[in-house]
Amino acid sequence: MSEWNMIKICKIAHGMKDCFAFTMFGDLFEEDFSFISNNHFGKGKKSKPRDLEPPPPRDFTNLSGIKNQGGTCYLNSLLQTLLFTPEFREALFSLGPEELGSLDDSSKPDAKVRIIPLQLQRLFAQLLLLDQQAASTTDLTESFGWNSHEEMRQHDVQELNRILFSALETSLVGTSGHDLIKRLYHGIVVNQIVCKECKNISERQEDFLDLTVAVKGVAGLEEALWNMYVEEEYFENENLYRCGACDKLVEASKSAKLRKLPPFLTISLLRFNFDFEKCERYKETSCYTFPIQINLRPFCEQTEMDDSEYMYELFSVIIHKGGCYGGHYHVYIRDVDELGNWQLQEEEDRLIEDMALRDNENAKEVENPLAVLKGILSEEESKQIPVDQLGQKLLEKKGMSWNKKYRKQYGALRKYLQNHPHIFQFSPDENKVGLKEKHKLLFKSDSQGQGLQSLPQKNDVQWHSGKKPTRLRDSSGRHWFDLNDSKVQPIKEMDIEKQFQGKESAYMLFYRKSQLKRPPEARGNPRYHIPERLLNEMNAANTELQKKRAEWDSANNGIDLHLHLSSCYKFHNGALHPSLTWKEGVADLTIDRRKTLGDLRQSVFQMLESWEGDMILSIAKPLPAGLHLYQTLDGDELTLDCIGLADGADIFVWNGKEVGGTKVMTGADHEPVVINVLRLAEYNEGGKGQHFTESQHVFSCSAKLGDLRRALAPSGGIILKNGSGADKEAKNWEVFLEEDMKETVKGVGLMDGCSVLILDSHDQSFVNMSSGNLTAFTYDISWLQVKNFCRTQDEEKHVKITATIETVMSDIKMKAIREFQLEEELANDSCLRPVSGNGKLLSPVPEDYTVKEAELKMGSLLGLCHGKAPTSTQLFLYFIVGSDQNTSPEMEIVVEETASVKECLNLMLEKSGLSGDNWHLRRIDWCYEAGEALSQENATLKELNVCSGDTLVVTEGKLPAKGFLKIPIWWFKSSSHRKHGENTQDQVNGMTCKMDALQVSPAGDSPEYIHTDMDLCYAGNIEIAGEASLEDLKMQAMTLLCCQEQIVPLPSFLRAWTVDDSKRPAKLLRNNKQQLNDYKLGARVEICIEPLQKEEHLGPHELLLRVQMGIPGERDYYDSTDLVWDISKECTTWALRQQVASHYCLPVDKIEIAKYFPERFEWLPISSWTQQISKRKRKKKQESLQSAPYHLKDGDIIGVKNLLLDDTKDFSTVRDDVGKEKQRQLVLQKQKSRQAERLHDHVFSEEKLNIKHRKPEVALSINVGVFR
């Protein structure tokens, strides 16, 4: 048995029971097929826990990165620099357990274990020897005494450099490495002041581990060092120096020189400065050059030594990307010992080509698509062939298409060709491709004509063998890598010049003396000078990693197959059914998807040792009728993945001909279909009853409809199909005509679950054969409930009235009166009114309507009430007085539909006991508030589409003159007046609308806005013609008293919003020249005016958003800022992420964004950009953010998370928690007060939340034990 196979065999019964002969039209099958839907047969790959996946191996560079713990990129960059300082790491490795102790003893109370250097040794050994893509610094940071908050907080790498060196010096006290830092990094600067009169020299020495140099106003490093150590400062005129020798004020000169140079010179660039005018920090991004090699002789006190004593070479550049309040660090490092495999993409392609020419004899190696395609194109006589034809030739030559063989690893064929422009040449229209001339000559010189072979997989690093990977060297012999947390990639030396300036620029420079030469045995040898104990630990760890990867690979590529054995099945009713229980007829087999079909067949043979004769494997599929067989698997040389065998697939094992002596038809053309067969059943009038008898029958989808009729209606009859699908009570039945009898079951659209109705000869009176539809049969006899509201003592009494959909409502009323034993005279003064689910009486139903015309459902509840029902020309209306439905009772009125609005209003005022002409009517809107006004007083109710059951609101106040709008104006106060403590989420482009002004009464009444002490200030009302422009409205708003406090030079310095019911800005009004009527503002519109610092002219395709950056480590945000986004091309997730990232100068993959819904206090994350791969896919799949679920519009708040500083995905704030709790309390109050309707106004918190400023910078510290 193959070692790759893990076989789980259930008990298999080899005995067979008698099988039934196949009958196409059998009786109703009664077998239990519940096992078909069991999870045992579930399709799709099983989910595997990600935490069990072993770390990936190193990539082609053979170098290891370091995982970012959330905000430790600054630590990772410095650690990589120290690792690639060979003299530092070898000095650290030279310290043994006798000096440092052992990590195993760290838990012992009296043990003296120097944990920091031990953990640093172990980390360096992992980075050098452990075959993983990235190492973890968790153990090291724990030895620092850091908690999870410290690991998430970003610090300055220059500060870390000094603190880490101090911690190491303290940790190594009393060991042979006590002077490690001093020996490698210590230098001395001497400051001298020379008296011009007595020539006395006063000097002071300063030790340094790194030099801090200015960036502002300096062109580069040499100029900065010249200013510091060559230029002299003079004391003269009023600024004199008191000489100790002369004992008086004299003229003097001051200078500084480098007295002692360290082997390794660390230079910190002062990129961050403080602007005293703006009182804020900023990052200096101007161009600042630094050389690869530098001669420090001009800056030294002693200059008589050889030049080699002053020459330094750059070997590390720590780079900061971002601003002064956050960003990301990565490092460019020169691989001094050439431990990594340095090769760039174009040179890698050349290496593959050269190696392939030398290794043609390795026929067993996997073919490289580059070589295969070049081989095909070199054989073509024409210079270029169509790309599609190239794919066809690949299929003919290799027996497999590009998509099956190469697409998963290399992508689409056209994209692969475009990625190798130095080899393949496209025609101008990019439809044809050919080889470049030099590559054609290369293939013609290959006399054997064999295909080129690829290199071994670049991840297969032989860590324990003496064979070293082939290396490519750049022209200078300097191997530079970009180490960006877990990612490592080679770069050219010239790429360093890109870090001279900009948001992403050099921050720390590390130079080493040119005199420092490495021994030959250290070159390319990561094991050099590593202690034996660490070598053994890394060897054991690598062995364990390889074992875990092998297990993971096997589990990840394993697929579970369910083998159904023919000896345990019988065939009847057109499908396969288990003769025993399903467990006894199914065997589970787990096999690697990369194995071939022949391997699968061999495994099955080994399981079934008693199998005789041919073995055929067929794909099976559980259907409602039973198990059905489809295509037969053939091609034993093909892999299971290539033939499309998925995890959880069902395989039927048989001889390919029959099961239990019955021939089995396979394929999609013979699928069994389960059909519900309905027949009319008798019922009693007055009861709901069962009007159908139902049975299930199985037919082949290729069976003729005539055979189906003969099987189901042998004595004659007709068949009707339910045109509404499987719903047996739908009324859309269609008759199958005689010409349909030659069609197949599948051809007439009958599928699993479809219903057919069989009408025998005595039932055919229900069918109108000319139209092919049912007639009287649709009058389904049922009942209606009626409740008595005419007498209090019988109020709870219900009766059931038998009816059909054609029964007239007057007949139902009379039956109900008789059932209630009421006086028949009540018929002239009563009506039937539907009762809603919450018990409300709806508008009466006209008595001349049928049940169908009244749109009543069978079983509905009606109320028998006093009062005449309206006629078909009358309207039954509800009305309330005032906008508060809780204080004003709902009243009813019946009016003619031809009555005018004014006449209707007078009737309502008369009924409510009111008078006067200072009233008007409004409709009720969807949230049960006063909505659109009925402004045309002389128009009839019918003309205005007022219907029975509508609710109108009698509202106090006269409507404005025709063509005029009466608009309340709100005014935003300037942000400079905003009080400390207001939350940024209430801000609108620097202005604030205090939501604590929204008060809720204890009884849960509607919100009430109090306009005192608000930043959203009520300015007053204006009346303006609808034909006036938006600019006219702004001009008129500027004349209001509250608005005159603001200095606004022009209307273009104002921004106008409509205000919604929650007193929030809703719609932004663009184009000052546009008429107000064009905005379709409505009669109840309110406008808020926002002053701006500069003119604004937003275009129709520009979206105004408020973006606010999250404060790292806190549940709060910085102040929001305006972001104007042009959505004329696209309004997609990808485009918005790019716009926001550009706004904050951050990488697109280092931000997360979400839209805020203030009415729900919720944030909706905007989906991850990594899901969008190509432009073509974006166009197909990405929907506009202006549609569901985001509905992005002007003024929306977009929260931004900087993943470089904060990887928490929770966008919510403390204010959101408070707001949600307030909403929950409001719902409880509403329930206690038993109000029928839900409150749609959203209540906001009354509590004022302080604005959370940026967190104060916390000093970085490393805890070290005492070893003195």
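It should be emphasised that the depicted structure is a prediction, and the values quoted were computed from it without experimental measurement. (Residues numbered from 1 in each chain as written. Predicted model: local features only at pLDDT ≥ 70, side-chain atom pairs only at ≥ 80, totals over all residues. Heavy atoms only, no water.)

Draft legend 1. The arrangement of the nonpolar core in detail. Core analysis: the biggest nonpolar cluster contains 67 residues, and Phe 88 and Phe 124 have the highest contact counts within it. Apart from the residues lying within four places of it in its own chain, the contact partners of Phe 88 are Leu 82, Leu 120, Phe 124, Leu 168, Leu 180, Ile 181, Leu 184 and Tyr 185. Within the second largest apolar cluster, 35 residues are counted, among which are Val 215, Leu 225, Tyr 229 and Leu 258. (Core = buried A, V, L, I, M, F, W, Y, C linked by side-chain atoms within 4.5 Å. Buried < 20%, exposed > 50% of the residue type's maximum accessible area, 1.4 Å probe, protein only. Contact = heavy atoms within 4.5 Å.)

Draft legend 2. Layout of the packing of helix 4 (residues 115-129) against helix 7 (residues 157-171). One way to put it is that helix 4 packs onto helix 7 with a least axis distance of 8 Å and a crossing angle of 115°. The angle between the axes of helix 4 and helix 7 places the two elements in the roughly perpendicular class. Across the interface between the two elements, Ile 116, Pro 117 and Leu 120 of helix 4 pack against Ala 167, Leu 168 and Ser 171 of helix 7. Taken together, the residues of the contact of helix 4 with helix 7 sort by class into 5 nonpolar, 1 polar and no charged. (Axes fitted to C-alpha atoms, helices over the stretch in contact; angles between N-to-C directions. Helix = DSSP H or I, 4+ residues; strand = E, 2+ residues; numbered from the N terminus. Parallel < 35°, antiparallel > 145°, perpendicular 65-115°, else oblique. Nonpolar A, V, L, I, M, F, W, Y, C, P; charged D, E, K, R; others polar.)

Draft legend 3. Layout of the pattern of salt bridges. Evaluated as defined, the whole model comprises 48 salt bridges. When the shortest N-O distance is used, the salt bridge between Arg 259 and Glu 203 registers 3.2 Å. Residue Arg 259 is found in strand 10 (residues 252-260), and its partner Glu 203 is found in strand 5 (residues 201-208); the two are separated by 56 residues along the sequence. Arg 259 gets classed as partly exposed once you look at its relative accessible area, which sits at 23%. Given a relative accessible area of 44%, Glu 203 falls into the partly exposed group. One salt bridge connects Glu 309 with Lys 513, and the closest N-O pair in it is separated by 3.8 Å. Placement of the pair is Glu 309 in the loop between strand 14 (293-295) and strand 15 (311-323) and Lys 513 in strand 22 (residues 504-513), with a sequence separation of 204 residues. (Salt bridge = Lys/Arg side-chain N within 4 Å of Asp/Glu carboxyl O.)

Draft legend 4. Structural context of the state of the cysteines. Enumeration according to the criterion identifies 0 disulfides in this entry. As a non-bridged cysteine, Cys 246 has Cys 198 as the owner of its nearest cysteine sulfur, 3.3 Å distant. In this structure Cys 246 comes out as partly exposed when scored by relative accessible area, which is 23%. (Disulfide = S-S within 2.5 Å.)

Draft legend 5. Representation of the environment of Asp 275. Structurally, Asp 275 can be placed in strand 12 (residues 272-275). Apart from residues no more than four positions distant in its own chain, Asp 275 is found in contact with Glu 280 and Tyr 282. Within polar-contact distance, the side chain of Asp 275 engages the backbone nitrogen of Glu 277 at 2.9 Å. (Polar contact = N/O pair within 3.5 Å; in protein donor to acceptor, adjacent residues only side chain to side chain.)

Draft legend 6. Representation of unusual backbone geometry. Cis peptide bonds are those with omega within 30 degrees of zero, and the linkage from Ala 1188 to Pro 1189 qualifies with 0°. Here Pro 1189 is to be found in the loop between helix 25 (1175-1181) and strand 61 (1197-1202). Phi is positive for Asp 247, close to 55°, though the residue is something other than glycine. With respect to the helices and strands, Asp 247 occurs in the loop between strand 8 (241-243) and strand 9 (248-250). For Asp 247, a relative accessible area of 57% puts it in the exposed group. In this structure, Phe 1161 takes a positive phi of about 55° despite not being glycine. Relative to the helices and strands, Phe 1161 resides in the loop between strand 59 (1151-1157) and strand 60 (1162-1165).

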